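What the coordinates show
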Amino acid sequence: MTLEIPQGARHILETLLRGGYEAYLVGGCVRDLLRGVPPHDWDICTSARPEETEDCLAGRRMIETGLRHGTVAVLEEGTVCEVTTYRAEGPYSDGRRPDYVRFVSSLEKDLARRDFTMNAMAVDLEGNLRDPFGGMADIRGGLIRCVGEPGRRFREDGLRLMRALRFSAELGYEIEEQTAAAIHENRAMLECVAAERINGELNRLLVGQNVGEVLRRYPDVFCQFWPQLEPLVSLEQNSPWHCWGGWEHTIRGVEAASDHVVLRLAMLLHDIGKPGSRSTDENGVDHFYGHAAAGAQLAGQMLRMLKFDSKTRERVVALVERHDVQIPCQDRAILRWLNRLGEEAFFQLLEVKRADSMGQAPELAGERLAKLEKMRTRAEELIAQGRCFSLKNLAVNGRDVIAAGVAPGPEVGRALNGLLEQVLSGQAPNEREALLKLL
Ligand code: ATP
Ligand code: MG
């Protein structure tokens, strides 16, 4: 087998071999090479003990942060390789980390501790594949399968559950039946996993090509770390707008949004306020008055729980809160919303509204979609024309205002914002002379 291995990684492998040790590429990079996609990081496993690795590779830049677990990161010709001594893991008593790791003498033992068959393969410099658990066959079949007994593996480390879902979303692979059953059974193991680690996997899962199927099949797992989703998963909506229940509508929205984590999160959470805001009228039709505001609050809590950064959280909350606003397709309204949200968030809101419509009854959504597309085009035109919606393109600036007699200080900002408001509301043209006269 000939594989695209960077020079740096080759040299490290050669150096270890010359030192009399075994050395293989292992894990994710082997999986990706065999799938025919470029790996994003390079892991090497070796029979050399960490001190021996360091001696053998002396002269190169090394980072010893993982030394206790047998890992040395080595920089060689622009490639960073993590070189790890063959190891096995001791018992797991806390559901997240082995109580200890011990170094072992054989590659097979090292491969056996790894999570999924596709991640438990190694390849040497000649391209010889070591694949004791049938990882290659599972890659061909597009299957994610635990190494060993699935229930035991998930009970050792609850993060593996999220990794399985994330790989399924990213690669579009199915989770093998017994592995899938063990995920459902052991979902409570997520209680032991740090929020930051769930967050890391969730981010990658959400932008995966197969995210919809994962949400459809594993709502119980998502409810495990976000119990606030439960009422949405079981929500029925009797409304002419909707031909699906709350969860299927949500999933279709997520699938329709482009693969940006803010948009995917906004779609996942956009209707989270619905179950708590539901009322049914005399004709049996459901209404969800105030669900966007209620949803924004819930979304904020949920994102905080999972330790999302504040920039992501605030943007997602803003989008959830506004996902239902009606923006008339008129220049003045568009400029007003551009002013209120800023350019980036404005276009994200249009995208959220588009994705939301894609999850609604098709016979009614068509008109909404056409209107949104028209609005997007018009907003782009207004921006290209340099139309004024922020202080940046107001025809006067701070210096003009001071020259016109306003005292330097906070009064300048107030004066400028007053003028901007008049321009936005159409009471004044965005022209220097006219604005100076108004002062
Ligand atoms: P990617 O880098 O695309 O996220 P990866 O499989 O390389 O995928 P890493 O987190 O880089 O994931 O881990 C490298 C390898 O370490 C994996 O391929 C797997 O063999 C092993 N591994 C990682 N996390 C675990 C875990 N929680 N349990 C068992 N083995 C794991
Ligand atoms: Mg990796």
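Located above this text is the structure these notes cover.
Source: prediction; values computed, not measured.

Turning our attention to the overall build of the chain. Each helix and strand in the chain was counted, giving 22 helices and 13 strands. Taking 439 residues into account, the globule formula puts the C-alpha radius of gyration at 22 Å, and the chain, at 28 Å, lies well above it. C-alpha atoms of the chain, sized along the principal axes, occupy 85 × 65 × 40 Å. Looking at the 439 residues of the chain, the share that counts as buried comes to 50%. A fraction of 64% describes how many contacts in the chain between residues 6 or more apart in sequence connect residues 24 or more apart. Per element, the accessible surface of the chain, about 20,500 Å² overall, is 48% carbon and sulfur. When the 55 basic and 65 acidic side-chain charges of the chain are each reduced to a single mean position, those positions are 4 Å apart.

Right, let's get into the site of ligand 1. Neighbouring ligand 1 are 16 residues; Arg-31, His-40, Asp-157, Arg-160 and Arg-204 lie closest to it. One of the side-chain N or O atoms of Arg-114 is found 3.0 Å from an oxygen atom in ligand 1. In this structure, an oxygen atom belonging to ligand 1 sits 2.8 Å away from a side-chain N or O atom of Arg-204. Coverage of ligand 1 by the protein chains reaches 81% of its 580 Å² of free accessible surface. Its atoms largely coinciding with the cavity grid, ligand 1 occupies the largest pocket. At the level of secondary structure, the elements contributing two or more residues to the shell around ligand 1 comprise α2 (28-35) and α7 (159-171). In terms of residues, the shell around ligand 1 owes the most to one element, α7, which gives four residues. Partitioning the shell around ligand 1 into residue classes produces one nonpolar, four polar and eleven charged. Lining the shell around ligand 1 are residues from two domains, each supplying at least three of them: domain 1 (1-141) and domain 2 (142-225).

Moving on, we get to the nonpolar core. Ranked by size, the top nonpolar core spans 120 residues in total, and within it Leu-25, Phe-222, Trp-226, Leu-229, Leu-269 and Phe-346 carry the most contacts. Excluding its chain neighbours within four sequence positions, the residues that come into contact with Leu-229 are Phe-222, Cys-223, Trp-247, Leu-269, Ile-272 and Met-302.

The subject of this paragraph is unusual backbone geometry. Despite not being glycine, Glu-77 has its phi angle at roughly 45 degrees, a positive value. Relative to the elements of secondary structure, Glu-77 occurs in the loop between β4 (71-76) and β5 (79-85). Residues other than glycine seldom take positive phi values, yet Lys-307 does so here, at roughly 60 degrees. Position of Lys-307 among the secondary structure elements: in the loop between α15 (291-305) and α16 (310-322).

Here we come to the state of the cysteines. Here the structure, examined in full by the defined rule, presents zero disulfides. Looking at the unpaired Cys-29, the closest cysteine sulfur is the one in Cys-81, lying at 8.1 Å. According to the relative accessible area criterion, Cys-29 is buried, its value standing at 0%. Between Cys-146, a free cysteine, and Cys-192, which holds the nearest cysteine sulfur, the sulfur-to-sulfur gap is 16 Å. Assessed through its relative accessible area of 5%, Cys-146 is described here as buried.

A separate point is the side chain of Thr-53. Within the element layout of this structure, Thr-53 appears in helix α3 (residues 50-56). Excluding anything up to four places from it in sequence, Thr-53 contacts Thr-46, Ala-48 and Val-83.

Pairing is mixed across the open sheet formed by seven strands, whose spatial order is β3-β4-β5-β2-β1-β8-β9. In this open sheet, the two edge strands, each paired with only one partner strand, are β3 (61-63) and β9 (129-130). Both β4 and β5 contribute to a ladder of six bridges, which runs antiparallel. Bridging from a neighbouring strand, Val-72 pairs with Val-83 of β5.

Glancing now at the packing of aromatic side chains. Tallying each qualifying case throughout the model produces four aromatic pairs. Between the aromatic rings of Phe-222 and Phe-225, the centroid separation amounts to 5.8 Å while the plane-to-plane angle is 55 degrees, which identifies the pairing as tilted. A residue pair is termed a helical-turn pair when its members lie 3 or 4 positions apart in one helix, as Phe-222 and Phe-225 do in helix α11 (residues 219-225) at three residues. Accessibility classification places Phe-222 together with Phe-225 in one group, the buried group. Taken together, a centroid distance of 5.4 Å and an interplanar angle of 85 degrees make the contact between Phe-346 and Phe-347 edge-to-face. With relative accessibility at 22%, the residue Phe-347 sits in the partly exposed group. An aromatic cluster is built from Phe-222, Phe-225 and Trp-226, whose rings are joined through pairwise contacts. Lying over the aromatic face of Phe-167, Arg-166 brings its terminal NZ or CZ to 4.2 Å of the ring centre. Sitting over the ring of Phe-288, Lys-274 keeps its end group 4.8 Å from the ring centre.

Turning next to the pairing of strand β2 (residues 42-46). Most of β2 sits inside the fold, with four of its five residues counted as buried. One ladder, built from three bridges, connects strand β1 (residues 23-26) with β2; its direction is antiparallel. Its bridge partner lying in β2, Tyr-24 is registered against Cys-45. Sheet topology places β2 next to β5; five bridges connect them, and they run parallel.

This brings us to the side chain of Asp-124. Mapping Asp-124 onto the fold places it in the loop between β8 (122-123) and β9. One buried charged residue, Asp-124, remains without a salt bridge, the closest side chain of opposite sign being Arg-130 at 6.6 Å. For Asp-124, the side chain forms a polar contact with the main-chain nitrogen of Glu-126, separated by 3.0 Å. Those residues in contact with Asp-124 that sit more than four places away from it in its chain are Ala-23 and Tyr-24.

The rules behind these values
Residues numbered from 1 in each chain as written. Chains lettered and ligands numbered in written order. Predicted model: local features only at pLDDT ≥ 70, side-chain atom pairs only at ≥ 80, totals over all residues. Heavy atoms only, no water. Helix = DSSP H or I, 4+ residues; strand = E, 2+ residues; numbered from the N terminus. Rg over C-alpha atoms; globule rule 2.2 N^0.38 Å. Buried < 20%, exposed > 50% of the residue type's maximum accessible area, 1.4 Å probe, protein only. Contact = heavy atoms within 4.5 Å. Areas by Shrake-Rupley, 256 points an atom, 1.4 Å probe, with all protein chains shown as cover. Lys, Arg positive; Asp, Glu negative; His and termini not counted. Charge placed at Lys NZ, Arg CZ, Asp CG, Glu CD. Near = heavy atom within 4 Å. Polar contact = N/O pair within 3.5 Å; in protein donor to acceptor, adjacent residues only side chain to side chain. 1 Å grid on protein atoms, 1.4 Å probe; cavity = no way out; pocket = protein on both sides within 12 Å on 5 of 7 lines; lining within 4 Å. Sits in = over half its atoms within 2 Å of the grid points. Nonpolar A, V, L, I, M, F, W, Y, C, P; charged D, E, K, R; others polar. Domains from an automatic or database assignment. Core = buried A, V, L, I, M, F, W, Y, C linked by side-chain atoms within 4.5 Å. Disulfide = S-S within 2.5 Å. Pairing = 2+ DSSP bridges. Phe/Tyr/Trp six-rings, centres within 6.5 Å; stacked < 30°, edge-to-face > 60°. Lys NZ or Arg CZ within 6 Å of the ring centre and 35° of its normal. Salt bridge = Lys/Arg side-chain N within 4 Å of Asp/Glu carboxyl O.

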